[in-house]
Amino acid sequence: MDERLVALNTVLGHCRELAELYGGDRMAVDAQSKALFDDCARAHDRFADELATEIRRQGDLPAEEDPERLGVERLVADVKSFFSPRREASLAETFAEIESRLDQALGAARAQVDAPMDQLLAQHQAAVRRHLDALKQIGDEQGAND
């Protein structure tokens, strides 16, 4: 496996992880945060599918995520937020950590790919940065309400 494929699979893994985490139990979350989390989950899921298709088109195989590992990560995030007095902020903090790792992985991958793939990655990197801004707002709003 070359560095390019490793970088793309790292991006793919973070996207799958985020799609799973954002899709966790959100019944006790306010409607605005739930809508944001749902939008982010869909964006990462769509991009992961698109990236996996592009990796296959280039003659490589995308890495598959371990569904049990993803399930455990989702459970940990849900339990952590359940016991937090600031549920939305706790979730936003967890998601922002992984979104930041994805942002870094996208930057690293962009240095390894050709122009069409770079454009695809750049578009999702812009979405990731919008997600980070929105997640920061959730944390700031809950912090102001304390």
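Just so it is clear, the structure is predicted and the values come from calculations on it, not from any experiment.

Each value, and the rule that gives it
Residue numbers here run from 1 along each chain, matching the order of that chain's written sequence. A pLDDT threshold of at least 70 governs which residues receive local features in this predicted model, and a stricter bar of 80 or more applies before side-chain atom pairs are shown or counted, although totals over entire chains, interfaces and linings include all residues. As a convention, hydrogens and water are excluded, and side-chain values are obtained from all of the structure's heavy atoms. Only DSSP runs of H or I covering at least 4 residues are called helices, and only runs of E covering at least 2 are called strands; the numbering of each starts at the N terminus. Here a residue-residue contact requires only that any non-hydrogen atoms of the pair lie within 4.5 Å. Method for areas: the Shrake-Rupley scheme with a 1.4 Å probe, in which residue coverage is limited to the protein chains shown. The axes used here are C-alpha line fits, helices contributing only the stretch in contact, and every angle between their N-to-C directions lies in the interval 0 to 180 degrees. Geometric relationships in this document are graded by angle, where less than 35 degrees denotes roughly parallel, more than 145 denotes roughly antiparallel, 65 to 115 denotes roughly perpendicular, and other angles denote oblique. For a crossing to be left-handed, the near helix must be turned anticlockwise from the far one by less than a right angle; the clockwise case is right-handed. Charged means Asp, Glu, Lys or Arg here, nonpolar means Ala, Val, Leu, Ile, Met, Phe, Trp, Tyr, Cys or Pro, and polar covers whatever is left, Gly included. The rule is short: rings of Phe, Tyr and Trp, with Trp giving its six-membered ring, pair when the centres are within 6.5 Å, and they are stacked under 30 degrees, edge-to-face over 60, tilted in between. A simple rule labels every residue: compare its accessible area, found with a 1.4 Å probe on the protein chains alone, to the largest value its type can have, and call it buried under 20%, exposed over 50%, or partly exposed in between. Take a side-chain nitrogen of Lys or Arg and a carboxyl oxygen of Asp or Glu: if they are within 4 Å of each other, that pair is a salt bridge.

What about the overall build of the protein?
Thinking step 1. Along the backbone of the protein there are five helices and zero strands.
Thinking step 2. Each helix and strand of the protein, placed in order from N terminus to C terminus, yields the pattern α-α-α-α-α.
Thinking step 3. Excluding contacts between residues fewer than 6 apart, the proportion of contacts in the protein whose partners are at least 24 apart in sequence is 78%.
Thinking step 4. Counting only carbon and sulfur atoms, one obtains 52% of the accessible surface of the protein, whose full area is about 7,900 Å².

What to know about the packing of helix α1 (residues 3-22) against helix α4 (residues 87-110)
Between two packed helices, the angle of one axis relative to the other and the distance separating the axes together describe the packing.
Thinking step 1. Contact pair α1 / α4: the axes reach a minimum separation of 9 Å and the direction vectors enclose 160°. As the angle between them shows, α1 and α4 are arranged roughly antiparallel. The handedness of the crossing between α1 and α4 is left-handed. Taken together, the residues of α4 that come into contact with α1 (itself represented by A7, L8, T10, V11, H14, C15, E17, L18, L21 and Y22) are F95, I98, E99, R101, L102, A105, L106 and A109.
Thinking step 2. Partitioning the contact of α1 with α4 into residue classes produces 13 nonpolar, two polar and three charged.

Structural notes on the packing of aromatic side chains
Thinking step 1. Taken as a whole, this structure holds three aromatic pairs when the rule is applied.
Thinking step 2. Relative to F37, the ring of Y22 lies with its centre 5.9 Å away and its plane at 40°, an arrangement referred to as tilted. Of this pair, Y22 sits in helix α1 while F37 sits in helix α2 (residues 31-57), and the two are 15 residues apart along the sequence.
Thinking step 3. By relative accessible area, Y22 is classed as buried at 0%.
Thinking step 4. Their ring planes at 85° and their centres at 4.9 Å tell us that F37 and F95 sit as a pair that is edge-to-face. Of the two residues, F37 sits in helix α2 while F95 sits in helix α4, which places them 58 residues apart along the sequence.
Thinking step 5. Following the ring pairs from residue to residue traces out a cluster consisting of Y22, F37 and F95.

Some points on the pattern of salt bridges
Thinking step 1. Applying the stated criterion across every chain yields a total of 10 salt bridges.
Thinking step 2. When the shortest N-O distance is used, the salt bridge between R110 and D118 registers 2.6 Å.
Thinking step 3. K136 serves as the salt-bridge partner of D140, at 2.9 Å between the closest nitrogen and oxygen. Highlighted residues: D140 and K136, both in helix α5 (residues 115-145), separated by four residues, approximately one helical turn.
Thinking step 4. Exposure remark for K136: the relative accessible area of 51% places this residue in the exposed category.
Thinking step 5. Sharing partners across several salt bridges, the network here consists of D2, R4 and D60.

Observations regarding the packing of α2 against α4
Thinking step 1. Axis separation between α2 and α4 bottoms out at 12 Å; the angle between their running directions is 25°. For the element pair α2 / α4, the angle class is roughly parallel. For α2 against α4, the interelement crossing comes out left-handed. Residue-level contacts link S33, F37 and H44 of α2 to E88, L91, A92, F95, E99 and L102 of α4.
Thinking step 2. For the contact of α2 with α4, the residue count by class is five nonpolar, two polar and two charged.

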